[in-house]
Amino acid sequence: MKPPTPYLPDASPALSQADQDALTDLYIRGTPANTLHAYERDLLYITAWKSARFVEALNWPECEATALAFILDHARDLNNALETDVARETAEALIAQGLRKSLACPAPSTLDRRIASWLAFHRMKNLASPFGSPQVKQARAKARRAAARPPAPKSQHPITRDVLEQLLATCRGSRRDCRDRAILMLGWASGGRRRSEITGLMREDVSLKEFDKKGVIWISLLETKTTIKGETPRLVLKGRAAQALMHWIEVGKIGDGPLFRPISKADRVLKRRLSPDAIYQIVKHRLKLAGLPENFASPHGLRSGFLTQAALDGAPIQAAMRLSLHRSMAQAQKYYDDVDIADNPATDLLG
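Residues numbered from 1 in each chain as written. Predicted model: local features only at pLDDT ≥ 70, side-chain atom pairs only at ≥ 80, totals over all residues. Heavy atoms only, no water.

## Quick word on unusual backbone geometry
Piece 1. Omega for the peptide link from tryptophan 60 to proline 61 comes to 0 degrees, which places this bond in the cis form.
Piece 2. With respect to the helices and strands, proline 61 occurs in the loop between α2 (33-54) and α3 (64-73).
Piece 3. The backbone of lysine 253 shows a phi angle near 55 degrees, a positive value even though the residue is not glycine.
Piece 4. Inspection of the secondary structure puts lysine 253 in the loop between α11 (239-251) and α12 (276-289). (Helix = DSSP H or I, 4+ residues; strand = E, 2+ residues; numbered from the N terminus.)

Encoded structure:
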């Protein structure tokens, strides 16, 4: 029998270093900043894990045995493991480096995200993934099922209209108060914006052309978690929310550059943009001033609160999603289900 013809690789020339650099730049420019940061954090973790587990650097492409070990190390609670267990020793090394919080089994979503980042780097390098083999795919599925748990809410409570009013009541007359009022109202009334979306806004993204006649402000987001550059629909602010934003622009003298900025102790508006963490601190501070526990809600409560209030007020879910920019009907429906179930006639069958 004639032996099979060996596979001959494509004889086309390899990419030059300049082309490789251009391709890397294309990936960077075409990937949302938050996703890039997540990739970097995950790659740092994976690199540290491989070094602690095998005293080796990452290979490209990585082998299936390493991928399988990564899944196994993150698919069980290591608190009860022997002190000589290699998975436990590795986890303790990562804890000492501040890369892991505890020996408890990580959430399946955390494992999935890290694997997704690892896969992304393989794709960037045009390499075969070690997570595509039947054994590794099955191990991932079993790990996900074994560690299944109810998803933790991103905010302990939704910031519904009544809670928002309590927070707004703490905003008096300083520049900081004006800024925080505008942030809270824009973050809520424009559909429940994420922290990065709020802090990423520039003055140039805000159109005031219709404010004097109609009391309307149009907002152009560059991109969101569910949309890409150039395809994000404009959002609208009306009524009190539009007035609060207009007041901040006037008080803060925001002519161009970042829309929301830090304010000094002397109540002076600085030039740089706020960080996403600052939104967390603002919500925490306003909760405290309102007499609510600081952990009552997180900034995501603005998003969940908007959708919850829309459900309470009977707004069609499609209308709410046009502002929230949810891509998944199922995801947005969860907020409506939590409200609707209390009014379901079937809940009163016993009387």
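## Digging into the pattern of salt bridges
Piece 1. The final tally for this structure, using the stated rule, is 19 salt bridges.
Piece 2. A salt bridge links arginine 88 to glutamate 92; the nearest nitrogen and oxygen atoms lie 3.1 Å apart. One end of the pair is arginine 88 and the other is glutamate 92, both in helix α4 (residues 86-96) and four residues apart, which spans about a single turn.
Piece 3. One salt bridge connects aspartate 267 with arginine 175, and the closest N-O pair in it is separated by 4.0 Å. Separated by 92 residues along the polypeptide, aspartate 267 in the loop between α11 and α12 and arginine 175 in helix α8 (residues 175-189) bring together distant segments of the chain.
Piece 4. Residue classification places aspartate 267 among the partly exposed residues on the basis of a relative accessible area of 22%.
Piece 5. Note on arginine 175: relative accessible area 32%, which makes it partly exposed. (Salt bridge = Lys/Arg side-chain N within 4 Å of Asp/Glu carboxyl O. Buried < 20%, exposed > 50% of the residue type's maximum accessible area, 1.4 Å probe, protein only.)

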